[in-house]
Amino acid sequence: MGRLTTSRRVTRITLEGANRQRPDAIAVEEPLEIRVAGSPLSVTMRTPGHDVELAAGFLVSEGVLSRGDQFARAIHCGGPGTGGADGNTYNVLDLTLAPGVASPTPRSFFTTSSCGVCGTASIDAVEKVSSYDVSSDGIQVSAHDVAAFPDRLREQQKTFDKTGGLHGAALFDVVTGELLVAREDVGRHNAVDKVVGWALLNDRLPLRGTVLQVSGRVSFELVQKAVMAGIPILSAVSAPSSLAIELAERAGLTLAAFVRGSSMNLYTRADRIRVPSTTPASTEVASVR
């Protein structure tokens, strides 16, 4: 399997005049070509590891898969039985879907580690129709629990500890408080796809009664991935985009952002978050400049 980190020699300087060379751990970024039945589908830049989960989650996000029994198997091309003559680089993954599952249309573009929908032909093609209705999920979670999720995710980010260069995503069970799975990747969308792929491969979709915690900001694509997996609550430590809020509102997903320390902003479906006080929220008038 590919490496998670590599080492490079760097020159570290300070404004006080210190200057020294030392080895530095770097997060690995490599391409992964996803194929279905031998046909190229997409190329994404990712951190190697949990590639099958990544590909499976990607197909959930694309609306191709919604149940675990729709996924048959996966093999890294170049491995045993593929006829590869140059050895296995583990950077090409060929998926086989269950009989009767329609193969997706190839996506003729390159996906970076920072964007999961770059190159989509039109805005209409970006928003997918989910098999699950997250608006009907009546689950509620304590604000105290949500406030603790970022630190609990951070505790699982072992590669981030070494490199400082990976995003993280984790899935929490609201009823038990259990951290179900946590994944890291150079791409925010890849980390989420790995979490969703784990759920698909373990036949846990839809992910009702769960919270998806992410380590960075919230874009449209992350909200869409949550909705496609049936996740009712998405929590992030940083800011949401306007389009992310609009999609969350339409889908009935609870979006919490700037979840830091003892505070958070609730942008949609705040009724799912149990607050520690019944004091009505005061209204502030935004200044116009």
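Now for a look at the structure at hand. (Residues numbered from 1 in each chain as written. Predicted model: local features only at pLDDT ≥ 70, side-chain atom pairs only at ≥ 80, totals over all residues. Heavy atoms only, no water.)

1. Here's the deal with the overall build of the protein
And step 1. A tally of helices and strands in the protein yields seven helices and 15 strands.
And step 2. When each of the 289 residues of the protein is scored for burial, the buried share is 48%.
And step 3. As displayed, the protein has an accessible area near 14,400 Å², and 50% of this comes from carbon and sulfur atoms. (Helix = DSSP H or I, 4+ residues; strand = E, 2+ residues; numbered from the N terminus. Buried < 20%, exposed > 50% of the residue type's maximum accessible area, 1.4 Å probe, protein only. Areas by Shrake-Rupley, 256 points an atom, 1.4 Å probe, with all protein chains shown as cover.)

2. Brief notes about helix 1 (residues 51-61)
And step 1. Of all 11 residues in helix 1, 10 are buried; the element is thus mostly enclosed.
And step 2. Every buried residue belonging to helix 1 is among Asp51, Glu53, Leu54, Ala55, Ala56, Gly57, Phe58, Leu59, Val60 and Ser61, and all of these are buried.
And step 3. Backbone geometry just after helix 1 places Gly63 at a positive phi near 80°.

3. A word on the pattern of salt bridges
And step 1. Summed over all chains, the structure comprises nine salt bridges.
And step 2. Between Arg35 and Glu33 there is a salt bridge, and its shortest N-O distance comes to 2.6 Å.
And step 3. The partly exposed category is assigned to Arg35, whose relative accessible area is 24%.
And step 4. On the basis of relative accessibility, which here comes to 19%, the residue Glu33 falls in the buried class.
And step 5. With a shortest N-O distance of 2.8 Å, Lys194 and Asp185 are connected by a salt bridge. Both residues of the pair, Lys194 and Asp185, count as buried. (Salt bridge = Lys/Arg side-chain N within 4 Å of Asp/Glu carboxyl O.)

4. Section: the nonpolar core
And step 1. One finds Leu65, Leu171, Leu212 and Val214 to be the most contacted residues of the largest nonpolar core, which totals 51 residues.
And step 2. The leading source of residues in this core is helix 5 (residues 188-201), at seven residues.
And step 3. With near-sequence residues (within four places) excluded, Val214 lies in contact with Leu153, Gly168, Ala169, Val192, Leu222, Leu234, Ser235, Ala236 and Val237.
And step 4. Core analysis: the next-biggest nonpolar cluster, separate from the first, contains 17 residues, Ile139, Ala182, Ile233 and Ile273 among them. (Core = buried A, V, L, I, M, F, W, Y, C linked by side-chain atoms within 4.5 Å. Contact = heavy atoms within 4.5 Å.)

5. Quick look at the environment of Val227
And step 1. Turning to its location among the elements, Val227 is positioned in helix 6 (residues 220-228).
And step 2. The class for Val227 is buried, based on a relative accessible area of 11%.
And step 3. For the pair Val227 and Ser61, spaced 166 residues apart in sequence, the C-alpha to C-alpha distance is 8.6 Å.
And step 4. Excluding anything up to four places from it in sequence, Val227 contacts Ser130, Tyr132, Val134, Ala251 and Leu253.

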